[in-house]
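Residue strings, one per chain:
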Amino acid sequence: MRPPMYAYEPPPPAEEMEAEAGSPLDPGLPIAAEEDIVTALRSVHDPEIPVNIYDLGLIYELKIAENGDVAVTMTLTAPACPVAGEMPDEVAHAVARVEGVGRVRVSLTWEPPWTPERMSEVARVALDMF
């Protein structure tokens, strides 16, 4: 006997996903400041939550190399999130548009799992969770 349709849950996405964007910076060009990259990250929103991914606490790590390449490790609010396949690519392209950024690699991870405690005060106020 088949289970009822409403009992179906899509499988979670692969353990880790990656996205890349950008191109190497020409030698001698100034490297982007972390604040500029954070501003770019704040331009990306989870389509189901009216708060940007940075203030939601979805960015776990941001590394800027001496050559301007940027590595971002991020998560989503849930493994079955419908934008799991799209969000790393959107983040990579947003960061790659920042002047002084070379290649960008975004890695999506599920460990540790995201919790609401990771949200900034700005996100808590926006979502009435203070």
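Our subject is the structure that appears above.
So, here's what we can say about the structure. (Residues numbered from 1 in each chain as written. Predicted model: local features only at pLDDT ≥ 70, side-chain atom pairs only at ≥ 80, totals over all residues. Heavy atoms only, no water.)

1. Let's talk about a negative patch on the surface
On the surface, Glu34, Glu35, Asp36 and Glu99 cluster together into a patch of negative charge. Looking at where Asp36 falls in the secondary structure, it is placed in helix α1 (residues 34–42). (Patch = residues over 30% accessible without salt bridge, like charges linked within 9 Å, V, L, I, M, F, W, Y side chains within 5 Å. Areas by Shrake-Rupley, 256 points an atom, 1.4 Å probe, with all protein chains shown as cover. Salt bridge = Lys/Arg side-chain N within 4 Å of Asp/Glu carboxyl O. Lys, Arg positive; Asp, Glu negative; His and termini not counted. Charge placed at Lys NZ, Arg CZ, Asp CG, Glu CD. Helix = DSSP H or I, 4+ residues; strand = E, 2+ residues; numbered from the N terminus.)

2. Focus on the nonpolar core
Counting 34 residues, the largest nonpolar core has Ile53, Met74, Leu76, Met87, Val91, Val95 and Val101 as its most contacted members. Mapped by element, the contributors of at least two residues to this core are β1 (17–21), α1, β3 (70–74), α2 (87–96) and β4 (104–108). Counting residues per element, this core draws most heavily on α2, at five residues. With near-sequence residues (within four places) excluded, Ile53 lies in contact with Leu41, Val44, His45, Asp46, Leu58, Ile59, Met74, Met87 and Val91. (Core = buried A, V, L, I, M, F, W, Y, C linked by side-chain atoms within 4.5 Å. Buried < 20%, exposed > 50% of the residue type's maximum accessible area, 1.4 Å probe, protein only. Contact = heavy atoms within 4.5 Å.)

3. Here's the deal with the sheet that holds β3
Ordered in space as β1-β4-β3-β2, the four strands form an open sheet in which the pairing is mixed. Each edge of the open sheet is held by one strand with a lone partner, namely β1 and β2 (59–64). Mean inter-strand twist for the sheet, computed between neighbouring axes without regard to direction, equals 10 degrees. Across five bridges, β3 lies against β4 in parallel orientation. Bridge pairing in β4 links Met74 to Leu108. Of the strands in this sheet, β2 and β3 touch α1, which is tilted by about 140 degrees from β2. (Pairing = 2+ DSSP bridges. Axes fitted to C-alpha atoms, helices over the stretch in contact; angles between N-to-C directions.)

4. Details of the packing of α1 against α2
Orientation of α1 relative to α2, taken along the N-to-C sense of each, is 140 degrees, at an axis distance of 9 Å. By the angle class used here, α1 and α2 are oblique. Viewed along their axes, α1 and α2 form a crossing whose handedness is right-handed. Across the interface between the two elements, Ile37, Ala40 and Leu41 from α1 touch Val91, Ala94 and Val95 from α2. Residue composition of the contact of α1 with α2, by class: six nonpolar, no polar and no charged. (Parallel < 35°, antiparallel > 145°, perpendicular 65-115°, else oblique. Left-handed = near helix turned anticlockwise from the far one by under 90°. Nonpolar A, V, L, I, M, F, W, Y, C, P; charged D, E, K, R; others polar.)

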